[in-house]
Amino acid sequence: MTADTLSRVFSALADPTRRDMVARLADGDTTVSRLAEPYRMTLQAVYKHLRVLEDAGLVSRPPGPQPRSVRLETEVFDLMDTWIERYRRRAEQRYRRLDAVLAAMSEPDREGAEHDKDHGDGHRG
Amino acid sequence: MTKITETAIEADPKLPVIRMTRDFAATPGQLFRAHTDPVLFAQWVGPSGMDTRIDHWDARTGGSWRYTAGSGGQEFAFRGCFHDVRPDRIVQTFTFEGDPDGVALETLWFEDLGDGYTRLRTQSLVDSFEGRDAWLASGMESGVNEGYAKLDRMLADGAV
């Protein structure tokens, strides 16, 4: 999955109607007309939303008997979760190092000293 | 209060925002120091397997910062401004110089849990969903050079 794909996914889900469609599709496949029922919009508008979700790879309309069903592609969500989980894991690694730094920090009475100073350039860690 | 000892993350679907929460066995003052003292900050900011060199550091309201993370001849530079620095909250900007047009607005809160623990909450607001994803992706690229077991597993997934 490329960053581009991920962008399309996030953008597609930025819209409340599309998020609602996705939430309802999570309960199972349905038809476009069923999917359109709760919304006060034309079928054409519903198709427009569906196209955005399809382009993002979030839903598909597998070929079959008419009316074709709309299906949620859960694989994309797994990939998204994977990306976010990787980001989270990097943060957790960082915070474990911070745990160690905090544990090694001297007594709380030295706390707060120096932090307002301009340390200037050239410090090395 | 239940401790959040493993980083919790939330990617907002409505806004290009990433929020994280993590509790530390430290006072708010210690956590604040670990974020504002350049020597301490360089010890943990990472990425793992890289040395962090603080090029510039003025952790005061209106100040700015720049640091370089490097390993094996490759360097990644980051910079930003300290918009607001106070004991319970830091607001700063963050730019990866490899993507100079991208800028994140980061807010960090240090919340005293009262029993020797402090909760760190962070929020990163990026200027677009594309920006957030590029940011996630740029971390992946630098990860290639890290050689850590966890990252190797990530690479084995073939997503880079």
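Look above for the structure.
Values in this document were obtained by computation on a predicted structure and should not be read as measured data.

Conventions and cut-offs
- Residues numbered from 1 in each chain as written.
- Chains lettered and ligands numbered in written order.
- Predicted model: local features only at pLDDT ≥ 70, side-chain atom pairs only at ≥ 80, totals over all residues.
- Helix = DSSP H or I, 4+ residues; strand = E, 2+ residues; numbered from the N terminus.
- Buried ≥ 20, exposed ≤ 12 C-beta atoms within 10 Å, placed from the backbone.
- Contact = placed C-beta atoms within 7 Å.
- Axes fitted to C-alpha atoms, helices over the stretch in contact; angles between N-to-C directions.
- Parallel < 35°, antiparallel > 145°, perpendicular 65-115°, else oblique.
- Core = buried A, V, L, I, M, F, W, Y, C linked by C-beta atoms within 7 Å.
- Pairing = 2+ DSSP bridges.
- Left-handed = near helix turned anticlockwise from the far one by under 90°.
- Nonpolar A, V, L, I, M, F, W, Y, C, P; charged D, E, K, R; others polar.

Let's talk about the overall build of chain A
Counting its secondary structure elements, chain A contains 5 helices and 3 strands. Written out in order from the N terminus, the α and β elements of chain A read α-α-β-α-α-β-β-α. Burial statistics for chain A: of 125 residues in total, 25% are counted as buried. Long-range pairs, those at least 24 residues apart, make up 55% of the contacts in chain A with a sequence separation of at least 6.

Thoughts on the packing of helix H2 (residues 16-25) of chain A against helix H4 (residues 43-55) of chain A
All names here are of chain A. The contact between H2 and H4 brings their axes to 10 Å, and the two run at 70°. The angle between the axes of H2 and H4 places the two elements in the roughly perpendicular class. For the pair H2 and H4, contact is made by Thr 17, Arg 18, Met 21 and Val 22 and by His 49, Val 52 and Leu 53, respectively.

Remarks on the nonpolar core
If you look at soluble globular proteins, the nonpolar side chains tend to sit buried side by side. In terms of nonpolar packing, the biggest core is built from 25 residues, with Leu98(A), Val101(A), Leu102(A), Phe24(B), Leu31(B) and Ala34(B) touching the most fellow members. Put simply, the parts of the chain that give this core at least two residues each are helix H5 (74-104) of chain A together with helix H1 (28-36), helix H2 (38-44), strand S3 (51-57), strand S4 (64-71) and strand S5 (74-86) of chain B. Leu98(A) has contacts with Phe24(B), Ala34(B) and Trp44(B), leaving out every residue within four places of it along the chain. If you look at the next biggest cluster of nonpolar residues, it comprises 20 residues, including Leu35(A), Ala36(A), Val76(A) and Phe129(B).

Notes on the environment of Asp101(B)
Within the element layout of this structure, Asp101(B) appears in the loop between strand S6 (89-96) and strand S7 (104-112). When the C-alpha positions of Asp101(B) and Gly131(B) are compared, they lie 9.3 Å apart, and in sequence the two are 30 residues distant.

Some points on the sheet that holds strand S1 (residues 30-31) of chain A
All names here are of chain A. Strand order in the open sheet made by the 3 strands is S1-S3-S2, with antiparallel pairing throughout. Unpaired on one side and paired on the other, S1 and strand S2 (59-60) mark the two borders of the sheet. Across 2 bridges, the pairing between S2 and strand S3 (residues 69-72) is antiparallel. Its bridge partner lying in S3, Val 59 is registered against Leu 72.

Quick notes on the pairing of S3(A)
Residue and element names in this part refer to chain A. Taking every second residue as pointing to the same face, the buried face of S3 carries Val 70 and Leu 72, while none of Ser 69 and Arg 71 on the other face is buried. Pairing of S1 with S3, which is carried by 2 bridges, proceeds in the antiparallel orientation. Note on S3: the bridge partner recorded for Thr 30 is Val 70.

Section: the packing of H5(A) against H1(B)
Where H5(A) contacts H1(B), the two axes come as close as 10 Å, and the packing angle between them is 115°. Both H5(A) and H1(B) take part in a crossing whose hand is right-handed. Here H5(A) contributes Leu98(A), Val101(A) and Leu102(A) to the contact with H1(B), which in turn contributes Gln30(B), Leu31(B) and Ala34(B). Tallied by class, residues from the contact of H5(A) with H1(B) come to 5 nonpolar, 1 polar and no charged.

What about unusual backbone geometry?
Here the residue pair Gln66(A) and Pro67(A) is connected by a cis peptide bond, since its omega of -10° sits within 30 degrees of zero. Tracing the sequence through the fold places Pro67(A) in the loop between S2 and S3.

Some words on the sheet that holds S3(B)
All names here are of chain B. A sheet is described by the order of its strands in space; here 8 strands give the open sequence S1-S2-S8-S7-S6-S5-S4-S3, paired in antiparallel fashion. Of all strands in the sheet, those bounded by a partner on one side alone are strand S1 (8-11) and S3. Adjacent strand axes in the sheet meet at a mean angle of 20° when their direction is disregarded. Relative to S6, S5 runs antiparallel, the two being bridged by 6 bridges. Of the residues in S6, the one forming a bridge with Arg 79 is Thr 95. The sheet strands contacting H1 are strand S2 (17-24), S5, S6, S7 and strand S8 (118-125), and the helix crosses S7 at an angle near 155°.

Details of the environment of Pro38(B)
All names here are of chain B. On the secondary structure map, Pro 38 appears in helix H2. Residue class for Pro 38 comes out buried when judged on the 25 C-beta atoms lying within 10 Å of it. It is 6.7 Å that separates the C-alpha atoms of Pro 38 and Ile 54, two residues lying 16 residues apart in sequence.

With respect to the pairing of S8(B)
Residues and elements named next belong to chain B. Here S2 runs beside S8; their pairing, made up of 8 bridges, is antiparallel. Note on S8: the bridge partner recorded for Asp 23 is Arg 119. Counted along the chain from S7 to the antiparallel partner S8, the turn is 5 residues long, and its residue Gly 114 has a positive phi close to 90°.

Observations regarding H1(B)
Given 3.6 residues to a turn, an α-helix orients residues that are three or four positions apart in the same direction. Of all 9 residues in H1(B), 8 are buried; the element is thus mostly enclosed. For H1(B), the complete set of buried residues consists of Pro28(B), Gln30(B), Leu31(B), Phe32(B), Arg33(B), Ala34(B), His35(B) and Thr36(B).

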